[in-house]
Amino acid sequence: GIILGVVFALLIETFDTSIGAIEEVEEFLGVHVMGVIPFVSVEEIKTLISDDPSTMMEEEKVRRYARLAAHFVPSSTLSESYKALRTSLNFFCAENNLKSVLFTSSSPGEGKTSIVVNLAITMAQIGQKVLLIDGDLRRPVISKLFGIEQVPGFTDVILGNYEWHQTVRSITDLMTGKMTIEDIMKTPGLDNLHIITS
């Protein structure tokens, strides 16, 4: 029975091709993992936002707060993971003299927008000038997250209807949008964030 158990364990280990640890990802792909962003449920965000988790909040507002965790819940584990990613990315960009970064993935719903938005916010919080461009032409959501008008945007620049600098949104657009002054003042740095919607 022991020998059979050992044989089965070796067979399972041999045929298991899944990647489980960060070290395995780095070894398999031959690249350095810059950061790990944990999954945080909407209920956990709701608990972090309000002292009384039973307080009723609009579902859309909770989802927006969850997607903009670096701004609305700056002391959370999720926000700290974005700050760690920002630090790794800053070192990598400094070493390789990079000025722009593109985020993409193989399928929808993998967190591109959440990562890009929160990374832009954390970079703006430390005083870096950030231009966030929403290049998702199928399902653009950055304008909804920040509560700003979508038009004119990136598509209008591509079509030649506007110069790129005419489509840039700043903190004044956030103030006149759906975000309240209290929302904008939660953490400093949004004045360093500029957005071109899709």
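Residues numbered from 1 in each chain as written. Predicted model: local features only at pLDDT ≥ 70, side-chain atom pairs only at ≥ 80, totals over all residues. Heavy atoms only, no water.

*Asks:* Could you clarify how one ought to interpret the overall build of the protein chain in this entry?
*Replies:* Summing up its helical and strand segments, the protein chain has 11 helices and 2 strands in all. Tracing the protein chain from N to C terminus, the helices and strands come up as α-α-α-α-α-α-α-β-α-α-α-α-β. Against the globule reference of 16 Å for 198 residues, the protein chain gives a C-alpha radius of gyration of 21 Å, more extended than a compact globule. By its C-alpha atoms, the protein chain is 70 × 45 × 30 Å across when sized along the principal axes. Among the 198 residues that make up the protein chain, the fraction classed as buried is 32%. Relative to all contacts within the protein chain whose residues are 6 or more apart in sequence, the contacts with residues 24 or more apart total 65%. When the accessible surface of the protein chain is summed, it comes to about 12,900 Å², and 58% of that surface belongs to carbon and sulfur atoms. Side chains of the protein chain give 16 positive and 25 negative charges; the mean places of these two sets differ by 7 Å. (Helix = DSSP H or I, 4+ residues; strand = E, 2+ residues; numbered from the N terminus. Rg over C-alpha atoms; globule rule 2.2 N^0.38 Å. Buried < 20%, exposed > 50% of the residue type's maximum accessible area, 1.4 Å probe, protein only. Contact = heavy atoms within 4.5 Å. Areas by Shrake-Rupley, 256 points an atom, 1.4 Å probe, with all protein chains shown as cover. Lys, Arg positive; Asp, Glu negative; His and termini not counted. Charge placed at Lys NZ, Arg CZ, Asp CG, Glu CD.)

*Asks:* How do you make sense of helix α7 (residues 112-125) when you look at a structure like this?
*Replies:* Residues three or four positions apart in an α-helix share a direction because the helix packs 3.6 residues into each turn. Here α7 contains 14 residues, and its C-alpha end-to-end distance of 20 Å stays within 8% of the 20 Å for a straight helix at 1.5 Å per residue. If you check which residues of α7 are buried, you get T113, S114, V116, V117, N118, L119, A120, I121, T122, M123 and A124. Elements in contact with the buried residues of α7: α4 (59-67), α5 (69-72), α6 (77-96), β1 (130-133), α8 (142-146) and β2 (193-196). A positive phi of about 95° marks G127, the residue just after α7. (Expected span 1.5 Å × (residues − 1).)

*Asks:* So what exactly am I meant to see when it comes to the pairing of β1 here?
*Replies:* On any regular strand, side chains alternate: one points to one face of the sheet, the next to the other face. Only one face of β1 is buried, namely the one carrying V130 and L132, since none of L131 and I133 on the opposite face is buried. In the sheet, β1 pairs with β2 via 4 bridges, with the strands oriented parallel. Across the sheet, the residue bridging to V130 is L193, located in β2. (Pairing = 2+ DSSP bridges.)

*Asks:* Can you walk me through α6 in this structure?
*Replies:* If you check α6, its first and last C-alpha atoms are 29 Å apart, about what 20 residues at 1.5 Å a residue would give, namely 28 Å. Turning to α6, its buried residues number three or more, namely L78, S79, S81, Y82, K83, L85, R86, L89 and C93. In the stretch just after α6, N97 is the one whose phi turns positive, near 55°.

*Asks:* Where do I start with the confidence of the model for the protein chain in this structure?
*Replies:* Caution applies to low-pLDDT regions: their predicted coordinates should not be interpreted in detail. Averaged over every residue, the pLDDT of the protein chain is 85; the share at 70 or more is 95%. Ranking the helices and strands of the protein chain by mean pLDDT puts β2 first, with 93, and helix α3 (residues 42-49) last, with 73. (pLDDT = per-residue confidence, 0-100.)

*Asks:* I keep staring at the environment of V6 and nothing clicks. Help me out?
*Replies:* Tracing the chain through its elements places V6 in helix α1 (residues 2-15). Between the C-alpha atom of V6 and that of S79, which follows or precedes it by 73 residues, the distance is 44 Å.

*Asks:* Sorry, what's going on with the nonpolar core here?
*Replies:* Across soluble globular proteins, nonpolar side chains have a tendency to be buried as a group. Counting residues in each nonpolar core, the largest one holds 33 residues, and the members touching the most others are V117, L132, F146 and L193. Listing elements by their share of this core, those giving two or more residues are α4, α5, α6, α7, β1, α8, α10 (171-176) and β2. A per-element tally of this core places α7 first, with 7 residues. Those residues within four positions of V117 in sequence are excluded, and the remaining contacts are R67, L68, L132, I142, L145 and F146. (Core = buried A, V, L, I, M, F, W, Y, C linked by side-chain atoms within 4.5 Å.)

*Asks:* Whenever I open this one, unusual backbone geometry confuses me. Can you help?
*Replies:* Most peptide bonds are trans, and most residues other than glycine sit at a negative phi. In this structure, P152 follows V151 across a cis peptide bond, with omega equal to -5°. Looking at the element boundaries, P152 is found in the loop between α8 and α9 (154-159). Phi is positive for N97, which is not a glycine, with a value near 55°.

*Asks:* How do you make sense of a negative patch on the surface when you look at a structure like this?
*Replies:* A grouping of E13, D16, E23, E24 and E27 is seen on the molecular surface, where their side chains present a negatively charged patch. The element that contributes the greatest number of residues to the negative patch is helix α2 (residues 22-29), accounting for 3 residues. Residue classification places E27 among the exposed positions, given a relative accessible area of 69%. (Patch = residues over 30% accessible without salt bridge, like charges linked within 9 Å, V, L, I, M, F, W, Y side chains within 5 Å. Salt bridge = Lys/Arg side-chain N within 4 Å of Asp/Glu carboxyl O.)

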